[in-house]
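Okay, here's what each chain looks like letter by letter:
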Amino acid sequence: MPLLPNALATALPAAFEADQRYTVDLHMHSTASDGALSPTELVALCAERGVTHLSLTDHDTMAGVAEASIAAQQQGLCLVPGCELSTRWQGIGIHVVALLPGGLQGPMVEGLERQRDARIQRADVIAARLEKMGLPNALEKARAQAGSDRPLGRPDFARALVAEGVVADWAGAFKRYLGSGKKGDVKAHWPEISEVVGWVVASGGVAVLAHPLRYGLTRRKRGLLMDSFMDAGGQGVELVSGQQNPDTTRDLARQLVERELYASLGSDFHFPGSHAAPGSMSPVPRTAAPPIWQHPRLAHLRDAPSGMLVRGC
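Reading the values: rules and limits
- Residues numbered from 1 in each chain as written.
- Predicted model: local features only at pLDDT ≥ 70, side-chain atom pairs only at ≥ 80, totals over all residues.
- Heavy atoms only, no water.
- Axes fitted to C-alpha atoms, helices over the stretch in contact; angles between N-to-C directions.
- Helix = DSSP H or I, 4+ residues; strand = E, 2+ residues; numbered from the N terminus.
- Parallel < 35°, antiparallel > 145°, perpendicular 65-115°, else oblique.
- Contact = heavy atoms within 4.5 Å.
- Nonpolar A, V, L, I, M, F, W, Y, C, P; charged D, E, K, R; others polar.
- Pairing = 2+ DSSP bridges.
- Polar contact = N/O pair within 3.5 Å; in protein donor to acceptor, adjacent residues only side chain to side chain.
- Buried < 20%, exposed > 50% of the residue type's maximum accessible area, 1.4 Å probe, protein only.

**A look at the packing of helix H5 (residues 154-163) against helix H6 (residues 170-178)**
Right, so step 1: Contact geometry for H5 and H6: axes closest at 9 Å, N-to-C directions at 110°. With respect to H6, the axis of H5 lies roughly perpendicular. Residues Arg154, Pro155, Phe157, Ala158, Arg159, Leu161 and Val162 of H5 lie in contact with H6, whose contacting residues are Trp170, Ala173, Phe174, Tyr177 and Leu178.
Right, so step 2: Considering only residue class, the contact of H5 with H6 consists of 10 nonpolar, no polar and 2 charged.

Next comes the structure, spelled out in structure tokens:
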């Protein structure tokens, strides 16, 4: 069911109001990383659900953006090139969404090459650890689940654990082996958040702190993370990422307003049948935090009701 009837005719609002739904989803994944749908299939699902403005943000790659761009043009949707970058902050794995209206350019070119190398090295370490814990030939089995030669991620190993009967389901794989603090959660290969934000900003993009409520941080430490992110040049935070507690969302909104940060929205969609779907997320509270599409570098996203967002348009 579409989020809104005749969604393509709906302009993006200048501010967030209570009890409104938005046809924007700036955090989704495809088969270019660990998603289940091809970029074309994902864009088609967005159109079916009434999402008019979107970004494909695969993990540490923009390999699916060209295909998604063609599909978005065919569907009459506005696509922002992007990706989700893996970083570290005070020893904690933190993700940064890069919204890149000019496409892949500048320091992001070399940065993504480094991220690819880091993912390959990290997969080797994860595989070695899982083999010691009862999953023989872990790398080969994860590669079979990926179905391509892209760098492997933890979800690929999770699927392998399920397929081999080591755990009953995806949630069990992360709870026992791959989740935060578990043996299969390897962070050492990622660059510091300040360096990654620098790549994004110097490449003409907008850096957005991804799902800040998922890192298990106290409110105070979450504020310190935002401060470090801002010091590096970050200007946006995902106010709503999928489903989250409304009281916590309102408190997060206050932290954004205090710091004059832009607020972004995303489902973090990976595969059909999960709790997330394109454009599906918890209600956005009324807040003075400006929508990310009000950022000067994303003016095309705000002004264009449809059509691909490309360099120079």
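**Focus on the sheet that holds strand E7 (residues 262-266)**
Right, so step 1: Strand order in the open sheet formed by 7 strands is E1-E2-E3-E4-E5-E6-E7, with mixed pairing between adjacent strands. Edge positions in the sheet fall to strand E1 (24-25) and E7, since each has one partner strand and no second.
Right, so step 2: As defined by bridge partners, strand E5 (residues 206-209) adjoins strand E6 (residues 236-241) across 2 bridges and the pair is classed as parallel. Pairing of Leu209 across the sheet is with Val237, part of E6.
Right, so step 3: Packing against the sheet, helix H8 (residues 219-231) makes contact with strand E3 (78-89), strand E4 (92-99), E5 and E6, and its axis sits at approximately 170° to E5.

**What about the environment of Trp293?**
Right, so step 1: Along the chain, the position of Trp293 falls in the loop between E7 and helix H10 (299-303).
Right, so step 2: With 30 residues separating them along the chain, Trp293 and Ala263 place their C-alpha atoms 8.8 Å apart.
Right, so step 3: A distance of 2.7 Å separates a polar atom in the side chain of Trp293 from the backbone oxygen of Pro13.

**A closer look at the side chain of Asp251**
Right, so step 1: Within the secondary structure layout, Asp251 lies in helix H9 (residues 246-259).
Right, so step 2: The class of Asp251 is buried, set by a relative accessible area of 16%.
Right, so step 3: Each residue touching Asp251, except ones within four places of it in the same chain, is listed here: Arg219 and Arg222.

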